[in-house]
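Breakdown of the fold
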Amino acid sequence: MKRLTIDFTVGVFVLIGIICVAFLSLKVANTSNISNASNGSYSISAAFTNIGSLKITAPVKVSGFVVGRVTNIYLDPKTYQAVVVMDINNAYKFTTDTSAQILTVGLLGEQYVSLQSGASDTYLKNKDKITLTSSALVIEDLIGKFMTNINNKQ
Amino acid sequence: MQNFVVSLKNVSFSYDDTRMILKNISINIPKGKRIAIMGGSGSGKTTLLRLITGQCQPQTGTVHVFNQNLSRLPNRKILNLRKRIGVLFQFGALFTDMSVYENVAFSIKEHTNLPESIIQKIVAMKLKAVGLFGTQDMATNELSGGMARRVALARATALDPELMLYDEPFTGLDPISLNVISMLIKKLNDALEQTSIIITHDFATTLKIVDYVYVMANGEIIAFGTPLAVLNSQEPAVKQFVKGEVTGPFNYEFQTKMSYNAYLGIDHNE
Amino acid sequence: MNEKIINFTRQLGHPFAEFILTLGSIIRLLIDIILNLPFALKNIFLIIKGIHFCGVKSIVIIAVSGWFVGMVLGLQGYNTLNRFGSISVLGSVVALTLLRELGPVLTAILFAARAGSGITAELGLMKATEQLDAMSVMAVNPIRRLIVPKFIAGIISVPLLTALFIVAGILGGYFVGVIILHLDSGTFWSQMRDSVNLHDDVYNGLFKSFIFGISVTLISVYQGFMAKPTAEGVSVATTKTVVVSALTVLALDYVLTALMF
């Protein structure tokens, strides 16, 4: 085979390989870090009494639309509440009376943080804290409540 | 020390310490001569060649090539020495994934920084010398056995070596190719004033072109002299080898401790 | 009796001693290769030729195998997930399986069978026909001239082929899930993107394949270099390349998985 043909086919091969790697990196994997977003991001946190099985990198959604990701979760040693730190895309502003809730996709799916904007005039800034939170629904608790309800009615 | 190109002194060699391949061999090869080393299959001829190129080291004795002791040389110097030696392998050993041109140009490209245009001229010259000018672009598998051997000869002489080693150059060739190769060996040897060592068991062809002959058997040298002297030797082993006789000191029957008659149960002494 | 016991023990120990010996000489070859790496850059075309041999010629087998593996994953995943009513995560099941395990492992094994055995056969044949000897008496180091370019070519090719395998597999899974079983295309991709992490899954998978590339190529050149210079020796060496490579890749995969995830 001619040297030129070999050079050419090898070039095509390497190109295909690089396209595949790029496809995997860009299209298949989440380029999760919102902080890498073109217009930057800011960080807010919220304390929950129960976060269920919420994990780092879980999405933060508003009306089901992803606006950020969970970047850190730790336990506040004084209040014994779990503090969830989120990176939010700079394009979206939230009022100081925004409420945060942990919800589940479907019955058994992944958990995510849902934000609900309020009516205040002031907006949350970097490192601010959301005060209005409601915890994750834990199935065992639900069943427990359900059972006591039934018992009470009888 | 005299001006010997290759000089082996009391060399013994074995691959695995159980069977000695070479036993106490001494050979001196003067500059500009053609020497044949002959012997039956398995008599250690090819091993001798590997000792001269420094691919093996002898257990005892010394090997001097160009007056340098190979066992004392560092690897780098042995490599430099090899650039002055050309080797023609038994079946040519052409690189199968390269064209004829690339084969002949191989050592020139590896060891010099000559521009491509000059290399092309050298290769053409070398191929012309073996009568194969015009085959440059052929693949090695398109060549006949005789042609492959000649290309290998052109490749081996590409860097104009001072010492040429031929490992069974006449094996497996038709009579015409065989004479062509032997003629070329003589011609190249004279033209480049090389020293040649031809390892072979083809008496008839070799005796016509060499100055001296060593005959080896079982790792030892059993005869040395001019072709005529060896041809007329009265030593039984040499005589048998030269004439190719079936009976003689070399027995074709396998040597075993088992008794054939006892094995078949026809022992008459009972 | 005593002698029998001694002999038996000796036989027990023999394969082990052989293994240690082989390991030692492979490592020696690896060091030899590493020391000669800079010299291979003098002749880039040899590396390109190597990539052509072990990479370009493996494209079809890798892409087709990847596609079918992906289709099987899609089908099996669909059947299993359907029982739990969570077919929406099919995309991430297919992608994660391929990225983390099947892609690197199967590509390395296929590479050993397609290209590794070819490298072994070529080197073994060169040894049998005295080409390696010819090269070294021409004062050219066969490791530098032959082995190192093949080694570099293998290391470059395997991760690229792995990426190709995974992409073909994901497309195969997409084909089964979305086109045949009518899953929602958007769910397939978004679920996949949600659960696949760039560093943990994509880069770790490719790193795995890089390690596999080194080991399979090293085993291939070693077997070819050490083959008995006969027709039988070459065929034995070729078989050994495939068997030893497959075992090494599977064992290494466990170690790497344990270390990474």
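Residues numbered from 1 in each chain as written. Chains lettered and ligands numbered in written order. Predicted model: local features only at pLDDT ≥ 70, side-chain atom pairs only at ≥ 80, totals over all residues. Heavy atoms only, no water.

1. Section: the overall build of chain B
What counts here: Every helix listed is a DSSP run of H or I at least four residues long, and every strand listed is a run of E at least two residues long, numbered separately from the N terminus. Exposure categories follow from relative accessible area, calculated using a 1.4 Å probe and restricted to protein chains: below 20% of the type maximum is buried, above 50% is exposed, and the middle band is partly exposed. Two residues form a contact once any of their heavy atoms are found within 4.5 Å. Per-residue accessibility takes into account occlusion by the displayed protein chains alone, with areas from the Shrake-Rupley method and a 1.4 Å probe. Charge assignment: positive for Lys and Arg, negative for Asp and Glu; neither His nor the chain ends contribute. By convention, charge coordinates are those of NZ in Lys, CZ in Arg, CG in Asp, or CD in Glu.
Broken down by element type, chain B carries 10 helices and 10 strands. Considering only C-alpha atoms, chain B reaches an extent of 85 × 40 × 35 Å along its principal axes. Taken across its 270 residues, chain B has 49% of its residues classed as buried. Summarising the internal contacts of chain B: among those between residues at least 6 apart in sequence, 63% fall at separations of at least 24. Summed over all atoms, the accessible surface of chain B reaches about 13800 Å², with 52% contributed by carbon and sulfur. The average position of the 27 basic charges and that of the 23 acidic charges among the side chains of chain B differ by 9 Å.

2. Structural notes on the overall build of chain A
Counted only if it meets this: In this treatment the radius of gyration is a C-alpha quantity, and the globule benchmark scales as 2.2 Å times the residue count to the 0.38 power.
When its secondary structure is counted, chain A shows two helices and eight strands. Walking chain A from its N terminus toward its C terminus, one meets helices and strands in the order α-β-β-β-β-β-β-β-β-α. Rg of the C-alpha trace for chain A: 23 Å, well past the compact-globule value of 15 Å for 154 residues, more than 25% over. Viewed in the frame of its principal axes, chain A has a C-alpha envelope of about 90 × 45 × 30 Å. Considering chain A as a whole, with its 154 residues, one finds that 34% of them fall into the buried category.

3. A short note on the domain arrangement of chain A
Our working rule: Residue ranges assigned to the domains are those given by an automatic or database domain assignment.
Domain boundaries assigned for chain A yield domain 1 (1-31) and domain 2 (37-143). For domain 1 of chain A and domain 2 of chain A, the distance between their C-alpha centroids amounts to 40 Å.

4. Let's talk about the interface of chain C and chain B
By convention, interface size is frequently given as the accessible area that disappears when the constituent parts associate. What counts here: A pair is scored as a salt bridge if a Lys or Arg side-chain nitrogen falls within 4 Å of a carboxyl oxygen belonging to Asp or Glu. Here a polar contact means two N or O atoms within 3.5 Å. Within protein one must be a hydrogen donor candidate and the other an acceptor candidate, and residues neighboring in sequence count only if both atoms are side-chain atoms. Polar here means any residue outside two lists: the nonpolar Ala, Val, Leu, Ile, Met, Phe, Trp, Tyr, Cys and Pro, and the charged Asp, Glu, Lys and Arg; Gly therefore counts as polar.
Across the contact, 15 residues belong to chain C and 22 residues belong to chain B. Along the contact surface separating chain C from chain B lie two salt bridges. Counting across the interface, chain C meets chain B through seven residue pairs in polar contact (both at pLDDT 80 or more). Breaking the side of chain C that touches chain B down by element, the ones donating at least two residues are α4 (90-128) and α5 (131-137) of chain C. Looking at which element gives the most residues to the side of chain C that touches chain B, the answer is α5 of chain C, with six residues. Considered class by class, the residues forming the side of chain C that touches chain B number seven nonpolar, three polar and five charged.

5. So, the sheet that holds strand β4 (residues 82-89) of chain A
Residue and element names in this part refer to chain A. Our working definition: Should DSSP find at least two bridges between two strands, the strands are taken to pair. Here an axis means a line fitted to C-alpha atoms, over the contact stretch when the element is a helix, while the angle between two N-to-C directions is reported on a 0 to 180 degree scale.
Spatially, eight strands are ordered β7-β1-β4-β3-β2-β6-β5-β8 in an open sheet, and the strand pairing comes out mixed. Edge strands, defined here as strands with exactly one partner in the open sheet, are β7 (128-130) and β8 (132-134). On average, each strand axis in the sheet is tilted by 35° relative to the strand beside it, whichever way the strands run. Here strand β5 (residues 99-104) runs beside strand β6 (residues 111-116); their pairing, made up of six bridges, is antiparallel.

6. Description of the interface of chain A and chain C
The condition is simple: As a working definition, buried area equals the accessible area (1.4 Å probe) given up by two parts on being put together, with both sides summed.
Listed per partner, the contact involves 24 residues of chain A and 29 residues of chain C. Of the roughly 2400 Å² buried between chain A and chain C on both sides combined, carbon and sulfur atoms contribute 76%. Considering only the side of chain A, the residues that lose the most area to chain C are Phe-13, Leu-24 and Val-28 of chain A, jointly responsible for 27% of the buried surface there. The interface formed by chain A and chain C includes zero salt bridges. Inspection of the chain A/chain C interface yields two residue pairs in polar contact (both at pLDDT 80 or more). Per-element accounting of the side of chain A that touches chain C gives the leading share, 18 residues, to helix α1 (residues 3-28) of chain A. Class assignment for the residues of the side of chain A that touches chain C results in 14 nonpolar, six polar and four charged.

7. Considering the packing of helix α3 (residues 100-111) of chain B against helix α5 (residues 145-156) of chain B
All names here are of chain B. Here is the rule: For classification, angles of less than 35 degrees are called roughly parallel, those exceeding 145 degrees roughly antiparallel, those between 65 and 115 degrees roughly perpendicular, and all remaining angles oblique. By convention the crossing between two helices is left-handed if the near helix lies anticlockwise of the far one by an angle smaller than a right angle, and right-handed if it lies clockwise.
Orientation of α3 relative to α5, taken along the N-to-C sense of each, is 30°, at an axis distance of 7 Å. Relative to α5, α3 is oriented roughly parallel. Here α3 runs over α5; the crossing is right-handed. Here Val-100, Asn-103, Val-104 and Ser-107 of α3 lie close against α5, whose contacting residues are Val-151, Ala-154 and Arg-155. Partitioned by chemical class, the residues of the contact of α3 with α5 number four nonpolar, two polar and one charged.

8. Some points on helix α2 (residues 75-82) of chain B
What counts here: The arc in question is the one spanned by the directions pointing from the helix axis to the C-beta atoms.
Of the residues making up α2 of chain B, those classed as buried are Ile-78, Leu-81 and Arg-82 of chain B. Projection of α2 of chain B onto a plane perpendicular to its axis shows the buried side chains occupying an angular sector of 100°, all on one side.

9. What about the pattern of salt bridges?
When the charged atoms of two side chains with opposite charge come close together, those side chains can pair. Residue and element names in this part refer to chain B. Counted according to the given criterion, the structure contains 12 salt bridges over all chains. Notably, a salt bridge pairs Asp-160 with Lys-126, separated by 2.5 Å at the nearest N-O pair. Placement of Asp-160 in the loop between α5 and β7 (163-167) and of Lys-126 in helix α4 (residues 116-129) is noted, with a sequence separation of 34 residues between them. What emerges from the salt-bridge pattern is a single network uniting Arg-34, Lys-186 and Asp-190.

10. Regarding the packing of helix α6 (residues 142-180) of chain C against helix α7 (residues 185-195) of chain C
Residues and elements named next belong to chain C. With their axes 10 Å apart at the nearest point, α6 and α7 run at an angle of 140° to one another. As α6 runs across α7, the sense of the crossing is right-handed. Contacts between α6 and α7 involve Ile-170, Gly-173, Tyr-174 and Val-178 on the former and, on the latter, Ser-185, Phe-188, Trp-189 and Met-192. Residue composition of the contact of α6 with α7, by class: six nonpolar, two polar and no charged.

11. Here's the deal with the nonpolar core
For the record, the criterion: Grouping buried Ala, Val, Leu, Ile, Met, Phe, Trp, Tyr and Cys residues that are joined through side-chain atoms within 4.5 Å yields what is termed a nonpolar core.
In terms of nonpolar packing, the biggest core is built from 74 residues, with Leu-24 of chain A together with Ile-33 of chain C touching the most fellow members. Discounting chain neighbours no more than four positions away, the residues touching Ile-33 of chain C are Ile-143, Ile-147, Val-148, Phe-151, Leu-218 and Val-221 of chain C. Core analysis: the second largest hydrophobic core is formed by 44 residues, Val-100, Ile-108, Met-164 and Phe-170 of chain B among them.

12. Observations concerning the side chain of Glu-168 of chain B
All names here are of chain B. For Glu-168, the location among the structural elements is in the loop between β7 and α6 (175-192). Looking at Glu-168, the relative accessible area reads 6%, which means it is buried. Those residues in contact with Glu-168 that lie beyond four places of it in its chain are Lys-45, Gln-90, Arg-149, Ile-199 and His-201.

13. Considerations on the environment of Val-158 of chain C
All names here are of chain C. If you trace the backbone, Val-158 turns up in helix α6. For Val-158, a relative accessible area of 1% corresponds to the buried category. For the pair formed by Val-158 and Pro-104, sequence separation is 54 residues and the distance between their alpha carbons is 8.5 Å. If we skip the residues at most four places from it in the chain, Val-158 touches Thr-107, Phe-111, Ser-209 and Gly-213.

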